[in-house]
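Okay, here's what each chain looks like letter by letter:
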Amino acid sequence: PEMVQTSQCHNEATDNTQSEMNTKSPPVVKVPTDGEQGQRVAALEESFTTEFSHPPQFFVRAPGRVNLIGEHIDYCGYAVFPMAVEQDIIMAVATNSSSKLNLCNVDQSYLSYSCDINNFEIDPSVAVWHNYVLCGIRGIREEGGLVGPLTGLNIAVSGNIPPSSGLSSSSALVCATALAVAHAHHLSLARDMLAEICARCERHVGTQGGGMDQAIAFLATAGEAKMIEFNPLKATAVQLPAGGTFVVANSLAQANKAANSNYNCRVMECRLATKIIAKRAGLSWENYQRLGELQVAVKKSLPEMVEMVKEILEPRPYTKQEVATLLDTTTNHLDNVVLSENTRDIQEFYLHDRALHVFSEANRVWEFRRVCEEGREGALHKLGKIMLASHRSTQRMYDCSHPKLDQLVDLSEGLALGGRLTGAGWGGCMVALVEESKAEEYKRKLEKEFYSHEPAAKGKNISTFLFSTRPGPAACVYIK
Ligand code: ADP
Ligand code: NG1
Ligand code: MG
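Keep in mind that what you see is a predicted model, and the values were worked out from it rather than measured.

Novice: Outline unusual backbone geometry, supporting the account with residue identities and numerical values.
Specialist: For the bond running from Asn231 to Pro232, omega is 0 degrees, close enough to zero to count as cis. Among the secondary structure elements, Pro232 is positioned in the loop between strand S7 (225-229) and strand S8 (234-238). Located in the positive-phi region is Lys299, a residue other than glycine, with phi close to 55 degrees. Mapped onto the secondary structure, Lys299 falls in the loop between helix H8 (291-298) and helix H9 (302-312). Positive phi values are uncommon outside glycine, yet Trp426 reaches one of about 60 degrees. For Trp426, the position within the fold is in the loop between strand S12 (418-421) and strand S13 (429-435). Judged by relative accessible area, Trp426 falls into the buried class, the value being 15%.

Novice: Residue-level account of the site of ligand 1, with values.
Specialist: Around ligand 1 sit 18 residues, and of these Asn105, Ser164, Gly166, Ser169 and Lys257 come closest. A distance of 2.9 Å is found between an oxygen atom of ligand 1 and a backbone nitrogen or oxygen belonging to Gly166. Take Lys257: an N or O atom from its main chain is 2.8 Å from an oxygen atom of ligand 1. Here ligand 1, which alone exposes 570 Å², has 93% of that area covered by the protein. With 3 residues, helix H4 (residues 169-184) is the largest single contributor of residues to the shell around ligand 1. By residue class, the composition of the shell around ligand 1 is 8 nonpolar, 9 polar and 1 charged.

Novice: Which residues make up the pattern of salt bridges, and what values do they have?
Specialist: For the structure shown, the criterion picks out 25 salt bridges. Its salt-bridge partner being Arg470, residue Glu86 comes within 3.3 Å of it at the nearest N-O pair. Of this pair, Glu86 sits in strand S3 (residues 82-96) while Arg470 sits in the loop between strand S14 (466-469) and strand S15 (476-479), and the two are 384 residues apart along the sequence. Note on Glu86: relative accessible area 44%, which makes it partly exposed. For Lys438, the salt bridge identified is with Glu435, shortest N-O distance 3.6 Å. Shared partners join several salt bridges into a network, and the residues in it are Glu71, Glu361, Arg364 and Arg420.

Novice: For the nonpolar core, give the residues involved together with the corresponding values.
Specialist: Formed by 155 residues in total, the largest nonpolar core has its most connected members in Met91, Leu291, Leu313 and Phe368. Discounting residues that sit within four places of it in the chain, Leu313 has contacts with Ala273, Ile276, Ile277, Tyr318, Leu351, His352 and Ala355. One finds Phe48, Cys104, Cys476 and Tyr478 within the second-largest nonpolar core, a separate group that totals 13 residues.

Novice: Tell me about the sheet that holds S13, and please be specific about residues and values.
Specialist: Spatially, S12-S13-S9-S14 is the arrangement adopted by the 4 strands of the open sheet, whose pairing is antiparallel. With partners counted over all chains shown, the strands left at the sheet margins are S12 and S14, one partner each. Across the sheet, the mean angle separating the axes of adjacent strands is 25 degrees when strand polarity is ignored. Here 7 bridges tie strand S9 (residues 244-250) to S13, and the two strands are oriented antiparallel to one another. Opposite Val248, over in S13, you have Val431 as the bridge partner. Against the sheet, helix H13 (residues 379-396) contacts S9, S12 and S13, and its axis sits at roughly 35 degrees relative to S12. Along the sheet face, helix H14 (residues 403-412) touches S9, S12 and S13 and points at about 5 degrees away from the line of S13.

Novice: Any chance you could break down the state of the cysteines for me, citing the residues and the numbers?
Specialist: Evaluation of the coordinates by the stated rule reveals 0 disulfides. With no disulfide partner, Cys76 has as its closest neighbouring cysteine sulfur the one in Cys270, 3.8 Å distant. No disulfide involves Cys135; its sulfur sits 5.6 Å from the nearest other cysteine sulfur, which is in Cys201.

Novice: Which residues make up the site of ligand 2, and what are the values?
Specialist: The environment of ligand 2 is formed by 19 residues, the closest being Glu71, His72, Asp74, Asp213 and Tyr263. In the environment of ligand 2, an oxygen atom lies 2.6 Å from a nitrogen or oxygen atom belonging to the side chain of Asp74. In this structure, Gly210 approaches ligand 2 through a main-chain N or O atom, which is 3.4 Å from an oxygen atom. Computed on the free molecule, ligand 2 has an accessible area of 440 Å², of which 96% lies beneath the protein chains in the complex.

Basis of the calculations
- Residues numbered from 1 in each chain as written.
- Chains lettered and ligands numbered in written order.
- Predicted model: local features only at pLDDT ≥ 70, side-chain atom pairs only at ≥ 80, totals over all residues.
- Heavy atoms only, no water.
- Helix = DSSP H or I, 4+ residues; strand = E, 2+ residues; numbered from the N terminus.
- Buried < 20%, exposed > 50% of the residue type's maximum accessible area, 1.4 Å probe, protein only.
- Near = heavy atom within 4 Å.
- Polar contact = N/O pair within 3.5 Å; in protein donor to acceptor, adjacent residues only side chain to side chain.
- Areas by Shrake-Rupley, 256 points an atom, 1.4 Å probe, with all protein chains shown as cover.
- Nonpolar A, V, L, I, M, F, W, Y, C, P; charged D, E, K, R; others polar.
- Salt bridge = Lys/Arg side-chain N within 4 Å of Asp/Glu carboxyl O.
- Core = buried A, V, L, I, M, F, W, Y, C linked by side-chain atoms within 4.5 Å.
- Contact = heavy atoms within 4.5 Å.
- Pairing = 2+ DSSP bridges.
- Axes fitted to C-alpha atoms, helices over the stretch in contact; angles between N-to-C directions.
- Disulfide = S-S within 2.5 Å.

Structural data, given as structure tokens:
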């Protein structure tokens, strides 16, 4: 059993090259002119020129991601295992001399927006797309090391990451914006710094995220899945065993994380569980926010933390009053100091199940990495089993699945080695590990047994919601 923050089996030479790369700024590369990406850039350039009556000066792109294992644990301080996908957000950008942000989207269902780039509010009570762009601007304005105000920017956006589907379209939008603002101001910010700035600034939309999405957007490398550790941020490339492929299947149930308090409720349940266990362990509960910090303080392994949860917490909901009593405090104090704004109305918290999920999931991430690195016979089957166990834990203990996701996971049993929800859940995508030789047959099965019954899939190109993925590259600037 691992202790938290113990990285095992690492190769120092590779680690050094990786961390050196992470202190460099994102690459500036020649804009693609061929293939699908070339066509998207050309169409975006045309939209930009029509909208603003001049061509863009440069483009940026930031990828979405699929998380292979480690769900809802980044905000508890635990390592996760994502890879960037090829789908991305591309922005066409030019400066303007009016100190304004002028924003438009090739998809006109995302309404155009304008404001003073140095003076705006982000209202977390409304779920609007321009909030993510404002987050990226605010992140660089506050933490980018700029002297003086920002220059005005004209921006046109083109995205092909299915939105609200757990593939992190939101962070791709935030990261692309931050990179655009940094490049427009000739700031050469390191990738790891950009990742941390973006993790913090996306929280202005109201969700208390952990930083996985922004980290992989900047630290990804093509062909590699990465274990991402936090505090300090570290990305380690892990070779996946040969013969397997990851298939993403969208349940077509959308879940907009900024539009309700589901996500923050889970963050708060983990925080309250941390505090109650800390108090029982004789620690000052006020000083502990995350289950990962608690583990370091009590010096126990992850399986021992699972036992500790079972001893201290009960598998039933706790009322807010009960939590306050257990912490020798008042519900007012919880509201004012511990809970986030949109979770103060919640009256019941499931502490036992949430903490059990977190510690067991954190352990599965290390197990997944160990199986990859050992590369023994049957590795792919083991990885599939770990992924399925992860899904059952998010479904039963974390209560963040959706009947359509459960249906996809159940349909996968047999042909795939294991499937699980990816991202925050409550809808969105499943990722399944499949033997390469069975991938086509597996996709045909899902097409026949799932998508042919889904009204939302009728008449649509199936490859937009059922596709094999390869680990894609990180965010970059495109120039002519
Ligand atoms: P996820 O990150 O899992 O895709 P979120 O709920 O966190 O889901 O973020 C989804 C939101 O991101 C959308 O509601 C929208 O505001 C924004 N978004 C995603 N894709 C685009 C796009 N192509 N153009 C504009 N906004 C987008
Ligand atoms: P999605 O579903 O892509 O918005 C969210 C969080 C992650 C992580 C996962 C669950 C943000 C920006 N993203 O991802 O940090 O907690 O849920 O593992 O908050
Ligand atoms: Mg998101």
